[in-house]
Each structure stands twice: as C-alpha cells, then as structure tokens.
Amino acid sequence: MTITITAFERSPDRGKGLGRDMRVRWAFEEVGQPYDVRLVSFKAMKQPAHLALQPFGQIPTYEEGDLALFESGAIVFHIAEHYPGLLPDDANARARAITWMFAALNTMEPPIVDREIARYLEGDKPWYEERKSLVEERIRKRLDDLSGRLGDADWLDGEFSAGDLLMVTVLRRLEGSGILKDYPNLSAYIARGEARPAYRRAFDAQLAVFTAAASG
C-alpha cells in the first residue's frame, strides 16, 4: 500500500532541509521504505481537505490506506515501530531510544524554535536583543547538558536510532547562529548524522522540490 506524506510546495527554508518533512523523509530512507510526496501550498494547508489530516494546518502528514497521522515525531515513531533500523531490538535500549526522541522534541526543540520565532516576529521590537539573550541562555543550558551527556560518543545511546535522527534535525536549526561553535562534540555529532547515506538521499529529495519551484 502506497504511503504518501505532505511537504511544502515552496519551502520557506530555501531547501536547507529544516522543514519537518525532512525528518520523515530521512526515517523512510533509513528503513528503506519507499514513499510518495504530495506538495501543498500555504493556502492549501489551511483548506478543509488538509485540515482534515492536520488540524493545525501544518506539514508533514502521513497517509497509508485509512490511516492518517500528523506531527513529525509521531510519524517517525510510527515508521520506527513498523520497520527495522531505527529502534533497537533490546527492550531497554528501545525504551531509551524513545526517551531521546521525546527529549529532542520536548526539551531541546522548544527554546531553539523560540529563538527563530523571536527573530522573525519580534526582531524589530526595542526589547528584541534582551529577549534574544534570554532565549539563547536557555538554549546554551540545554546544549551544556546534552554536550556533557554525549561526551565523545558517536550517538546518544550506542547505535544510531530514531532518537539521534530527531536530535540531529533539531540541532541543525542552530546552524549559522554561531552558538554551536562552543560545542565541538555536538557539531561533530550533527556532521555524522548529515554524512549518513540515508540523510543525503532525504536532503537531496527535499532540495529537488525547492530547486524545481525556484526555477518554475
């Protein structure tokens, strides 16, 4: 049965792989599962047909037969549960990998996204610099903790897992901010994720969409 996900028709990240469909594409590539992509415009995302799949009018969504899912973390978890390659067989290691999935999305991502929101929506406010400083302080505290836990290991808990997949996509949102230069082990961790063949295939697929839209 064909699996279809949705992605931006014109990605606001200009093909940098920061859209949350990238996480789902990468997960499919890691497990070797083919998928189709339906591109949606910002206008279509707010229409009833898409809202029936994603009540908040976002991407990605996942459709397989009569199953429809939304939220990138939930979709990656579904993929990891149904295809080998993203969760360990050992029950305890599997539980720890799932814990890291939640940590990436619930602990690490919120302050990082908050920084982006502040820049886009509040960058012209007189109090923006103070707010930015406070948000970046929160981010650095999280990075301190994560860096200390990772140490010189390649991955968060033994072999690469869905926890690493999500964590790398979250940390990539800081590239260009200058913050990661103070965390060489996290920069190396991101680079290891980006060097995986499955990541490269997923990145190239989403970049091709942006390139086609830009030249159209």
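Residues numbered from 1 in each chain as written. Predicted model: local features only at pLDDT ≥ 70, side-chain atom pairs only at ≥ 80, totals over all residues. Heavy atoms only, no water.

Q: I tried to follow empty space enclosed by the protein on my own but got confused; where do I start?
A: Empty space among the atoms can be located by rolling a probe the size of a water molecule over them. Considering all chains together, one arrives at three cavities of 30 Å³ or more under this definition. Lining the largest cavity, in full, are A7, F8, S11, D13, G19, D21, R25, Q206, V209 and F210. Looking at which element gives the most residues to the lining of the largest cavity, the answer is helix 8 (residues 197-215), with three residues. (1 Å grid on protein atoms, 1.4 Å probe; cavity = no way out; pocket = protein on both sides within 12 Å on 5 of 7 lines; lining within 4 Å. Points joined across faces, edges and corners; volume = space filled by probe spheres on them. Helix = DSSP H or I, 4+ residues; strand = E, 2+ residues; numbered from the N terminus.)

Q: Could you clarify how one ought to interpret the packing of aromatic side chains in this entry?
A: Summed over the entire model, instances satisfying the criterion amount to nine aromatic pairs. Each ring, one from F56 and one from F70, has its centre 6.2 Å from the other, and the planes form 65°; the classification is edge-to-face. With F56 in the loop between helix 2 (48-51) and strand 3 (61-64) and F70 in strand 4 (residues 67-70), this residue pair connects regions lying 14 residues apart in the sequence. Here F56 falls in the exposed class, since its relative accessible area comes to 55%. Overall, the relative accessible area of 30% leaves F70 in the partly exposed class. On the numbers, 6.1 Å between centres and 25° between planes, the contact of Y199 with F203 is stacked. Residue Y199 and its partner F203 are located together in helix 8, separated by four residues, close to a single helical turn. F203 shares its class with Y199; the two are buried. Counting every residue linked through ring pairs, the aromatic cluster contains W26, W155, F160, Y189, Y199 and F203. A cation over a ring is seen here: R196 above F160, with NZ or CZ 3.8 Å from the ring centre. (Phe/Tyr/Trp six-rings, centres within 6.5 Å; stacked < 30°, edge-to-face > 60°. Buried < 20%, exposed > 50% of the residue type's maximum accessible area, 1.4 Å probe, protein only. Lys NZ or Arg CZ within 6 Å of the ring centre and 35° of its normal.)

Q: Would you mind showing me how to read the pairing of strand 4 here?
A: For strand 3 and strand 4, the ladder comprises four bridges, and the chain directions are antiparallel. Residue T61 lies in a different strand from strand 4, and its bridge partner there is F70. The hairpin formed by strand 3 and strand 4 contains two residues between the paired strands, and G65 there has a positive phi angle of roughly 60°. (Pairing = 2+ DSSP bridges.)

Q: Just to check I follow, could you spell out the packing of helix 3 (residues 72-82) against helix 4 (residues 91-122) for this structure?
A: Axis angle and axis distance: for two packed helices, these are the angle between their axes and the distance between the axes, and together they describe the pair. Interhelical geometry of helix 3 versus helix 4 gives an angle of 165° and a closest axis separation of 11 Å. It follows from the interaxial angle that helix 3 and helix 4 lie roughly antiparallel. Between helix 3 and helix 4 lies a crossing of right-handed hand. In this structure, helix 3 uses G73, V76, F77, A80 and E81 to contact helix 4, whose residues at the interface are R94, I98, M101 and L105. A per-class count over the contact of helix 3 with helix 4 returns six nonpolar, one polar and two charged. (Axes fitted to C-alpha atoms, helices over the stretch in contact; angles between N-to-C directions. Parallel < 35°, antiparallel > 145°, perpendicular 65-115°, else oblique. Left-handed = near helix turned anticlockwise from the far one by under 90°. Contact = heavy atoms within 4.5 Å. Nonpolar A, V, L, I, M, F, W, Y, C, P; charged D, E, K, R; others polar.)

Q: Looking at this model, I keep getting lost on the side chain of D13. Mind explaining?
A: Along the chain, D13 turns up in the loop between strand 1 (3-8) and helix 1 (21-31). One buried charged residue, D13, forms no salt bridge at all, with the nearest opposite charge on R172 at 6.6 Å. A distance of 2.4 Å separates a polar atom in the side chain of D13 from a polar atom in the side chain of S11. Of the polar contacts made by the side chain of D13, one reaches the backbone nitrogen of G15; its length is 3.0 Å. (Lys, Arg positive; Asp, Glu negative; His and termini not counted. Salt bridge = Lys/Arg side-chain N within 4 Å of Asp/Glu carboxyl O. Polar contact = N/O pair within 3.5 Å; in protein donor to acceptor, adjacent residues only side chain to side chain.)

Q: Help me out: how do you make sense of the nonpolar core in this one?
A: One broad trend across soluble globular proteins is that nonpolar side chains are buried collectively. The biggest cluster of nonpolar side chains holds 51 residues, and the ones touching the most others in it are I79, L86, L143 and M167. Contributing elements (two or more residues each) for this core: strand 1, helix 1, helix 3, helix 4, helix 5 (128-150), helix 6 (162-171), helix 7 (184-195) and helix 8. Looking at which element gives the most residues to this core, the answer is helix 4, with eight residues. (Core = buried A, V, L, I, M, F, W, Y, C linked by side-chain atoms within 4.5 Å.)

Q: Help me out: how do you make sense of the layout of surface pockets in this one?
A: Roughly 960 Å³ of internal volume is contained in the largest pocket. Around the largest pocket, the lining is made up of 35 residues, and of these L18, R20, V113, E116 and R173 lie nearest the centre. No other element matches the nine residues that helix 4 contributes to the lining of the largest pocket. For the lining of the largest pocket, the residue count by class is 14 nonpolar, nine polar and twelve charged. Taken together, P84, G85, L86, L87, P88, D89, A93, D157, E159, F160 and S161 form the lining of the second largest pocket. Here the residues of the lining of the second largest pocket sort into six nonpolar, two polar and three charged.

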